[in-house]
Amino acid sequence: MEQDIQHYISQLNDAQRAPTIHKDGALMVIAGAGSGKTRVLTYRIAYLMSQGVDAFNILALTFTNKAAREMKERIARIVGGSEAKNLWMGTFHSIFAKILRFEADKLGYPSNFTIYDTQDSERLIRSIIKEMQLDKDIYKYKQVRSRISSFKNSLITVRAYFNNPELVEADAMAKRPRMGEIYKEYVDRCFKAGAMDFDDLLLRTNELLNRFPDVLAKYQDRFRYILVDEYQDTNHSQYLIVKALADRFQNICVVGDDSQSIYAFRGANINNILNFQQDYDNVAMYRLEQNYRSTKNIVEAANSVIEHNKTRLDKVVWTANEAGPKIKVNRSVTDGEEGRFVASSIFETKMREQVNNGDFAILYRTNAQSRAMEDALRKRDIPYRIYGGLSFYQRKEIKDVLAYLRLVVNPKDEESLKRVINYPARGIGQTTIDKLVVAAKHYGRSMFEVMENISKIDLKINSGTKTKLENFVTMIRSFQIMNEGANAFELTAHITKKTGLVQELKKDGTPEGVARIENIEELLNGIKDFVEGQKEVADATGALAEFLEDVALATDMDNDKGDPDRVALMTIHLAKGLEFPYVYIVGMEEDLFPSGMSMNTRSELEEERRLFYVALTRAEKQAYLTYTQSRYRWGKLVDAEPSRFIEEIDDAYLDYITPVESYRFKPLIDNDIFGEVDKSKLRLQKPKSGRPPVIGNPTPEQIRKLRKIKPESSQSSPASGSLLDENLKPGTLVEHSRFGRGEILRLEGVGGDKKAEIKFQVGGIKKLLLRFAKLEIVKS
Ligand SMILES: Nc1ncnc2c1ncn2[C@@H]1O[C@H](COP(=O)(O)OP(=O)(O)OP(=O)(O)O)[C@@H](O)[C@H]1O
Ligand SMILES: [Mg+2]
């Protein structure tokens, strides 16, 4: 192992090596994007293990579970898989959920507590607002939830809230004087349901470590080495947990970049970085300056943007990589056209460079922008995956099945119970459910417990309905008994049948219904996988609980099921820490990016700019910025102006392409990419300085017309059917400009779609579209 680790350490530059092999104590690495912070963290863990540190004593906190998995795999390659298994590595939420499971009883929770996701929390808050008969236009449930979330992340308990006149007054001023009551009711209901929401996972961990010194001591002793990636985005609650755990040994290593702090709106506190030196003794500070990810043009363009921020630490980022192409800026008339531009550009690049779908990312400021992109990608048959929209586990039918499973594990779970008590319909109406809610509140018990005792209490429920409630209880009980014997897969399969869920969807008969059944099958596959991976675990009950925990904590980034080769679509927030060869940043318009809602103060605008910095620095080879001249916003077509961030990039790094006209009538594919460009027709426009020119904004009428015009299909190209490909046949030896010599194995398709499968001497078999491939015949 010692040799292996030396080999890996030698792959680092001097600046990276120093923090990697730093001896004990507190250290911080502050450095710009792509400079190897995450790599240092990974190698440092491997290094510590090679020096005899037990994997059990290392805790690494990452931004997504996916990042944790990748790190683990990497470390496994260096130090060997069996050791790496013992590392505690994951997001704050997943790690502390595990700890809370062990310690739940101390806080009065069952160890099988349910984790409420954002939707569960929202449903509960909505129902509380309704029960309290408040005006739902004033008490907007999303706003109420995010306010409660911010209390929790600042460790403001219900009692602390009522003791803080400023907070109480602020809510009164905002015409929501009963916020405190909602908060209290919400907390009580979650507790009674044996449920923690995402914020509780941090809040309760803090409570645990504060109230129980012996528990704190146990975990301090366990986690002798603590490492945190993306430290700039930790919130107060997370900060306190790390500080408490690291207090004894002070072996804490954090890496981050203040220029990439993009979660202030969710309570992330940049001061955590700025104050690190005061928080620990003898902090060693390291800086990395060399970017390995991106071309010079991208690195320097990103530097030129972030310089506009006043509050930032001075940092140098440079790269030895090649200059690369300039950043391409594209304007279109409508968002539909913007989507088509992106889709054809991806298509062309794939053909020209023979790269994969997975090499492309489309990044946007808001989720709603994905639709135009999706439409265009679908039309071109380019597979894509959306991160962050409705993830698999948030689909209705999946949540229905999961709700049954959650009830089996924790029958007190109120949100799950409400979800399925009458789904599929079994004649238990809303009035009955309301009565159960009221009774549960009255007796201080869960709804399920009320149902178990329904024959003993008088709720003015008729005997027919009572029987239905009892039957439901019996059914859930029977699942619980089965859960003790059968495995989670068998149980779930049984539940989907027994409850009538699948039957219900079959009855539906629509394509959507069929898709839903397929999704349930996919869920069963997932559970099967999970069970297979858990074979050595004897306790089947535990397996189901653990599966549900995994699901509850699966971030959108973790949904990597299915064909992995897809274009990635996501918000910029989700793209943090990732990298892609080709990145399209779309919707580069004022009021959209920077967001119109984040331009009230300088600090908000600076956060938007940091967000743009994050977006741009995801690109390895080529970045595109696109904007449209008009866009539907809130149902109205409005004029859009190019984003100020385009203007802030030094002109030397930009390449303005495609004026509206040339794109509309002559798809880009024919002129720009394949070298046969007639520049005069393209009318390349580049402003001398300042904003890109807005040429004659079209009237709404013109735009409506334009929306109907489909760009001429770029599939029909005059190049097809040329003399060259008539001479091609299996066995012909050809030469390709990039792949070199190869032999044609097969030909397929006709006209513009004609493809050749070619076996290249280097690089293996590739399928090329003849219309694009520049082939020369060596021997026919
Ligand atoms: N010394 C090195 N030699 C070669 N490649 C490197 C080196 N250091 C880092 N890289 C590569 O550069 C890329 C960026 O590294 P990494 O993701 O660790 O940077 P980062 O600082 O964490 O970026 P971000 O700020 O975006 O999170 C990765 O592909 C990584 O493998
Ligand atoms: Mg990183």
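Procedures and definitions
Residues numbered from 1 in each chain as written. Chains lettered and ligands numbered in written order. Predicted model: local features only at pLDDT ≥ 70, side-chain atom pairs only at ≥ 80, totals over all residues. Heavy atoms only, no water. Helix = DSSP H or I, 4+ residues; strand = E, 2+ residues; numbered from the N terminus. Buried < 20%, exposed > 50% of the residue type's maximum accessible area, 1.4 Å probe, protein only. Contact = heavy atoms within 4.5 Å. Areas by Shrake-Rupley, 256 points an atom, 1.4 Å probe, with all protein chains shown as cover. Phe/Tyr/Trp six-rings, centres within 6.5 Å; stacked < 30°, edge-to-face > 60°. Lys NZ or Arg CZ within 6 Å of the ring centre and 35° of its normal. Near = heavy atom within 4 Å. Polar contact = N/O pair within 3.5 Å; in protein donor to acceptor, adjacent residues only side chain to side chain. Pairing = 2+ DSSP bridges. Axes fitted to C-alpha atoms, helices over the stretch in contact; angles between N-to-C directions. Domains from an automatic or database assignment. Expected span 1.5 Å × (residues − 1). pLDDT = per-residue confidence, 0-100. Core = buried A, V, L, I, M, F, W, Y, C linked by side-chain atoms within 4.5 Å. Parallel < 35°, antiparallel > 145°, perpendicular 65-115°, else oblique. Left-handed = near helix turned anticlockwise from the far one by under 90°. Nonpolar A, V, L, I, M, F, W, Y, C, P; charged D, E, K, R; others polar.

Some words on the overall build of the chain
Item 1. What the chain contains, in helices and strands, is 36 helices and 22 strands.
Item 2. The buried share of the chain, taken over its 780 residues, is 55%.
Item 3. Contacts spanning at least 24 positions in sequence make up 76% of the contacts within the chain whose residues lie at least 6 apart.
Item 4. About 34,900 Å² of surface is accessible on the chain, with carbon and sulfur atoms providing 50% of the total.

Brief notes about the packing of aromatic side chains
Item 1. Under the criterion given, the structure shown has 20 aromatic pairs.
Item 2. Taking 5.8 Å as the distance between ring centres and 85° as the angle between the ring planes, the aromatic pair formed by Tyr8 and Tyr43 counts as edge-to-face. Of this pair, Tyr8 sits in helix α1 (residues 2-9) while Tyr43 sits in helix α3 (residues 37-50), and the two are 35 residues apart along the sequence. Exposure class is identical for Tyr8 and Tyr43. Each is buried.
Item 3. Here Tyr161 and Phe162 contribute two aromatic rings whose centre-to-centre distance is 5.3 Å and whose plane-to-plane angle is 85°, an arrangement assigned as edge-to-face.
Item 4. Classification of Tyr161 by relative accessible area gives buried; the value is 1%.
Item 5. The structure contains a cluster of three or more aromatic residues connected by ring pairs, namely Phe151, Tyr161, Phe162 and Tyr183.
Item 6. Across the ring face of Tyr141, the terminal group of Arg126 is positioned such that the distance to the ring centre comes to 4.7 Å.

A few points about the site of ligand 1
Item 1. Around ligand 1, the structure places 19 residues, and the nearest of them are Lys37, Thr38, Gln260, Glu579 and Arg618.
Item 2. The contact in question runs from a nitrogen atom of ligand 1 to an N or O atom on the side chain of Gln16, over 2.9 Å.
Item 3. Measuring from an oxygen atom of ligand 1, one finds a side-chain N or O atom of Arg293 at 2.8 Å.
Item 4. Within the complex, the protein chains bury 83% of what would otherwise be the 630 Å² of accessible surface of ligand 1.
Item 5. Top element by residues in the shell around ligand 1 is α3. It accounts for 3 residues.

Examining the environment of Glu449
Item 1. Structurally, Glu449 is set in helix α23 (residues 447-452).
Item 2. Its relative accessible area of 22% is what places Glu449 among the partly exposed residues.
Item 3. Along the primary structure Glu449 and Phe580 are separated by 131 residues, whereas in three dimensions their C-alpha atoms are 52 Å apart.
Item 4. Here the side chain of Glu449 touches Ser446 through a polar contact of 2.9 Å, landing on its backbone nitrogen.

Here's the deal with the sheet that holds strand β13 (residues 580-585)
Working definition: the strands of a sheet are paired by backbone hydrogen bonds and lie parallel or antiparallel to each other.
Item 1. One open sheet holds the 7 strands; their spatial order is β11-β12-β10-β13-β14-β9-β17, and the pairing between them is parallel. The strands lining the two open edges of the sheet, one partner per strand, are β11 (384-386) and β17 (654-657). On average, each strand axis in the sheet is tilted by 20° relative to the strand beside it, whichever way the strands run.
Item 2. Both strand β9 (residues 327-332) and strand β14 (residues 619-628) contribute to a ladder of 5 bridges, which runs parallel.

Regarding the domain arrangement of the chain
Item 1. Looking at the assigned domains, one finds that the chain contains domain 1 (1-96 + 209-288), domain 2 (114-193), domain 3 (318-383 + 563-656), domain 4 (393-535) and domain 5 (732-777).
Item 2. Once you take the C-alpha centre of each, domain 1 and domain 4 turn out to be 41 Å apart.

Examining the sheet that holds strand β2 (residues 58-61)
Item 1. With parallel pairing, 6 strands are arranged side by side in an open sheet as β3-β2-β6-β7-β1-β8. What marks the edges here is a single partner per strand, and that holds for β3 (88-90) and β8 (284-288). The mean angle between the axes of side-by-side strands here comes to 10°, regardless of whether they run parallel or antiparallel.
Item 2. Direction of pairing for strand β1 (residues 27-31) relative to strand β7 (residues 252-256): parallel, over a ladder of 4 bridges. Paired with Leu27 across the two strands is Cys253, which belongs to β7.

Focus on helix α20 (residues 396-409)
Item 1. Taking 1.5 Å of rise per residue, 14 residues should cover 20 Å, and α20 covers 20 Å from first to last C-alpha, within 8% of that figure.
Item 2. Of all 14 residues in α20, 13 are buried; the element is thus mostly enclosed.

A closer look at the confidence of the model for the chain
Item 1. When the pLDDT values of the chain are averaged, the result is 85; 87% of them are 70 or greater.
Item 2. The low-confidence segment residues 660-698 (pLDDT under 50) makes 87 contacts with residues lying over four places distant or belonging to another chain.
Item 3. Predicted confidence for residues 702-723 stays below pLDDT 50, and this span has 33 contacts to residues more than four positions away or in other chains.
Item 4. Quick note on the complex model: pTM equals 0.77, ipTM equals 0.99.

Considering unusual backbone geometry
Item 1. The omega angle of the peptide bond from Tyr423 to Pro424 is -10°, so this bond is cis rather than trans.
Item 2. As for its placement among the helices and strands, Pro424 is situated in the loop between α21 (414-420) and α22 (430-443).
Item 3. Residue Pro594 is bonded to the preceding Phe593 through a cis peptide linkage, with omega at 5°.
Item 4. One can find Pro594 in the loop between β13 and α30 (602-616).

Things to note about the nonpolar core
Item 1. Counting residues in each nonpolar core, the largest one holds 51 residues, and the members touching the most others are Leu402, Tyr404, Leu405, Leu436, Phe472 and Leu523.
Item 2. Setting aside residues no more than four positions away along its own chain, Leu436 makes contact with Ile421, Met447, Val450, Met451, Ile454, Leu459 and Leu469.

Notes on the packing of helix α8 (residues 141-153) against helix α12 (residues 198-211)
Item 1. Contact geometry of α8 with α12 gives a least axis separation of 9 Å together with a crossing angle of 20°. In terms of axis orientation, α8 runs roughly parallel to α12. As α8 packs across α12, the resulting crossing turns out to be left-handed. For the pair formed by α8 and α12, the contact residues are Ser149, Lys152 and Asn153 on the first element and Asp199, Asp200, Leu202 and Leu203 on the second.
Item 2. Broken down by class, the residue content of the contact of α8 with α12 amounts to 2 nonpolar, 2 polar and 3 charged.

Quick notes on the environment of Ser332
Item 1. One can find Ser332 in strand β9.
Item 2. The exposure class of Ser332 is buried, given its relative accessible area of 1%.
Item 3. Taking the C-alpha atoms as reference points, Ser332 and Leu274, 58 residues apart in sequence, are found 42 Å from one another.
Item 4. When neighbours within four sequence positions are excluded, Ser332 is seen to be in contact with Glu337, Glu338, Tyr627, Thr628 and Gln629.
Item 5. Within polar-contact distance, the side chain of Ser332 engages the backbone nitrogen of Glu338 at 3.4 Å.

Quick look at the pairing of strand β10 (residues 360-364)
Two faces make up the sheet, and in a regular strand the side chains alternate between them.
Item 1. Within β10, 5 of the 5 residues are buried, which leaves it mostly tucked inside the rest of the structure.
Item 2. Both faces of β10 are covered, namely the face carrying Phe360, Ile362 and Tyr364 and the face carrying Ala361 and Leu363.
Item 3. One ladder, built from 4 bridges, connects β10 with β13; its direction is parallel. Within the sheet, the bridge partner assigned to Ala361 lies in β13 and is Val583.
Item 4. In the sheet, β10 pairs with strand β12 (residues 567-571) via 4 bridges, with the strands oriented parallel. What sits directly across from Ala361, in β12, is Ala568.

With respect to the side chain of Lys315
Item 1. Position of Lys315 among the secondary structure elements: in the loop between α17 (296-306) and β9.
Item 2. Side-chain polar atoms of Lys315 contact the side chain of Asp258, separated by 2.7 Å.
Item 3. Within the local environment of Lys315, its side chain forms a polar contact with the side chain of Ser259, the two groups lying 3.3 Å apart.
Item 4. Setting aside chain neighbours within four positions, we find Lys315 in contact with Ile30, Ala31, Gly32, Asp257, Asp258, Ser259 and Arg287.

A word on the pairing of β1
Item 1. When you tally the buried positions in β1, you get 5 out of 5 residues, the bulk of the element.
Item 2. On β1, burial covers both faces: Leu27, Val29 and Ala31 on one face and Met28 and Ile30 on the other are all buried.
Item 3. Judged from the 5 bridges that link them, β1 and β8 form a sheet pairing that is parallel. Among the inter-strand pairings, Ile30 is bridged to a residue of β8, identified as Arg287.

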